[in-house]
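Fold and geometry: a report
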Amino acid sequence: MAPSTSTDAPFGRMLTAMVTPFLPDGGVDYDGAARLATHLVDERRHDGLVVNGTTGESPTTSDEEKSTLLRAVIEAVGDRAVIVAGAGTNHTEHSLKLARQAEAAGAHGLLVVTPYYNKPPQEGLVRHFTAVADATALPTMLYDIPGRAGVPIHNDTLVQLAEHPRIVAVKDAKGDLFGASRVMAETDLVWYSGDDNLNLPWLSVGAAGFVSVIGHVVGTELHEMIDAYRAGEHGRALEIHRRLLPVVAAIMTRTQGAIAVKAALNLLGLPGGGPLRAPLVEASPEFAAHLREDLTIGGVKVPEVVIPEVAR
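From N to C terminus, the protein chain includes 13 helices and 8 strands. On C-alpha atoms alone, the protein chain measures out to a radius of gyration of 18 Å, which is about the 20 Å that the 2.2 N^0.38 rule sets for 312 residues. Taking the principal axes of the C-alpha coordinates as reference, the protein chain spans close to 55 × 45 × 35 Å. Residues classed as buried in the protein chain amount to 56% of the 312 residues present. Here the analysis covers contacts within the protein chain between residues at least 6 apart in sequence; of these, 70% occur between residues at least 24 apart. Carbon and sulfur atoms make up 53% of the accessible area of the protein chain, which totals about 12,800 Å². Positive and negative side-chain charges in the protein chain, numbering 26 and 37 respectively, have mean positions lying 1 Å apart.

Note that an α-helix has 3.6 residues per turn; residues three or four places apart therefore point the same way. For helix α12 (residues 257-268), spanning 12 residues, the distance from its first C-alpha to its last is 17 Å, which sits close to the expected 16 Å at 1.5 Å a residue. By the criterion of burial, α12 is predominantly enclosed, with 11 of the 12 residues buried. Taken as a whole, α12 has its buried residues at Gly257, Ala258, Ile259, Ala260, Val261, Lys262, Ala263, Ala264, Leu265, Leu267 and Leu268. Buried residues along α12 sit against α1 (30-43), α9 (215-230), α11 (245-252) and α13 (285-297). Sitting at the head of α12, glutamine 256 places a side-chain oxygen 2.7 Å from the backbone nitrogen of alanine 258. One or two positions beyond α12, positive phi appears at glycine 269, with a value near 70 degrees.

This structure, assessed with the given rule, holds 17 salt bridges. The partner of aspartate 31 in a salt bridge is arginine 35, with the nearest N and O atoms 2.2 Å apart. Separated by 4 residues within a single helix, aspartate 31 and arginine 35 lie in helix α1, roughly one turn from each other. The partner of aspartate 42 in a salt bridge is arginine 80, and the shortest N-O contact between them spans 3.0 Å. One end of the pair, aspartate 42, is in helix α1; the other, arginine 80, is in the loop between α2 (63-77) and β3 (82-86), with 38 residues separating them in the sequence.

This part is about the side chain of glutamate 57. Its place among the elements puts glutamate 57 in the loop between β2 (48-51) and α2. Each residue touching glutamate 57, except ones within four places of it in the same chain, is listed here: Thr20, Phe22, Ala258, Lys262, Leu276, Arg277 and Leu280.

The first and last C-alpha atoms of α2 sit 21 Å apart over 15 residues, in line with the 21 Å expected at 1.5 Å per residue. Three or more residues of α2 are buried, namely Asp63, Glu65, Lys66, Ser67, Leu69, Leu70, Ala72, Val73, Ile74, Ala76 and Val77. In this structure, the buried residues of α2 make contact with α1, β2, β3 and α3 (92-105).

Next up on the list: the sheet that holds strand β7 (residues 190-193). Pairing in this closed barrel of 8 strands is parallel, and the strands run β1-β2-β3-β4-β5-β6-β7-β8 around the ring. Neighbour to neighbour, the strand axes of the sheet diverge by 25 degrees on average, direction disregarded. Here 3 bridges tie β3 to strand β4 (residues 109-113), and the two strands are oriented parallel to one another. Note on β4: the bridge partner recorded for glycine 86 is leucine 111.

Core analysis: the largest hydrophobic core is formed by 83 residues, its most contacted members being Val73, Trp191, Ile251 and Leu295. Once residues lying within four places of it in the same chain are set aside, the contact partners of tryptophan 191 are Leu158, Val170, Asp172, Ala180, Val183, Met184, Trp202, Ala207, Ala208 and Gly209. Core analysis: the next-biggest nonpolar cluster, separate from the first, contains 17 residues, Ala17, Val50, Val82 and Tyr192 among them.

Quick notes on the rules
- Residues numbered from 1 in each chain as written.
- Predicted model: local features only at pLDDT ≥ 70, side-chain atom pairs only at ≥ 80, totals over all residues.
- Heavy atoms only, no water.
- Helix = DSSP H or I, 4+ residues; strand = E, 2+ residues; numbered from the N terminus.
- Rg over C-alpha atoms; globule rule 2.2 N^0.38 Å.
- Buried < 20%, exposed > 50% of the residue type's maximum accessible area, 1.4 Å probe, protein only.
- Contact = heavy atoms within 4.5 Å.
- Areas by Shrake-Rupley, 256 points an atom, 1.4 Å probe, with all protein chains shown as cover.
- Lys, Arg positive; Asp, Glu negative; His and termini not counted.
- Charge placed at Lys NZ, Arg CZ, Asp CG, Glu CD.
- Expected span 1.5 Å × (residues − 1).
- Polar contact = N/O pair within 3.5 Å; in protein donor to acceptor, adjacent residues only side chain to side chain.
- Salt bridge = Lys/Arg side-chain N within 4 Å of Asp/Glu carboxyl O.
- Pairing = 2+ DSSP bridges.
- Axes fitted to C-alpha atoms, helices over the stretch in contact; angles between N-to-C directions.
- Core = buried A, V, L, I, M, F, W, Y, C linked by side-chain atoms within 4.5 Å.

Structure (structure tokens):
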């Protein structure tokens, strides 16, 4: 059973798209994933986690690995956090398989990205998302990220998809606040910021919360921002937003997200700071040094010397 949520935040408010920890030999570190999930939920105030998303290097993990990873995270924190399974691919039949696999594993919801690379027309998107939503009984969050997918989900398409009873939310990395405002006004779709650069602006136009990347290291602070904004303490929310600017810049703008997050986790001695799978590569020592400085400026307490969990 999924943890209690509200209709205006069906997946909770503070979620992170979790990295997938790997062992030195390249295998998935399922124990490390369970420990990282526990840290995020119990220590960093996460309402939910997205597993097997892009930040989790889903293009490089097998279907079997995805299922085992999902089950490990659900076993660790599934009674205390909403676990959303990434099930989107650029092949509809494969997406249906992943959606059903996630439901069987006990996921509480699905994240379904726009089919990437093959650039389908809007009618193709409608058919794809509808088929995935029809495949299970799970609530579905659409992931609109034209920078990766190559095509946006048009606003009229979102309005049409909102008629489906299980398509309930959007993770937005398109950044069209005006267009999204129109869709929110015309439908019951719930919005989540999928771009840490715009977390506070999204709250200002009605978003319920975040599906973050920087939440790996500042989840508590992001939850405080949400709480402050919802309490009418907009000055406090703005103060948190500005304090976290160095963290956002370091993780979201200077290299690929999974690379930056794993480097940050390594600096903090947390699970997940180990290897990446090709074609991604580990952060350079120079990047890690600058990252340490930016995290410190942003208020993150970075130990001077740590022994990464993956090496213990």
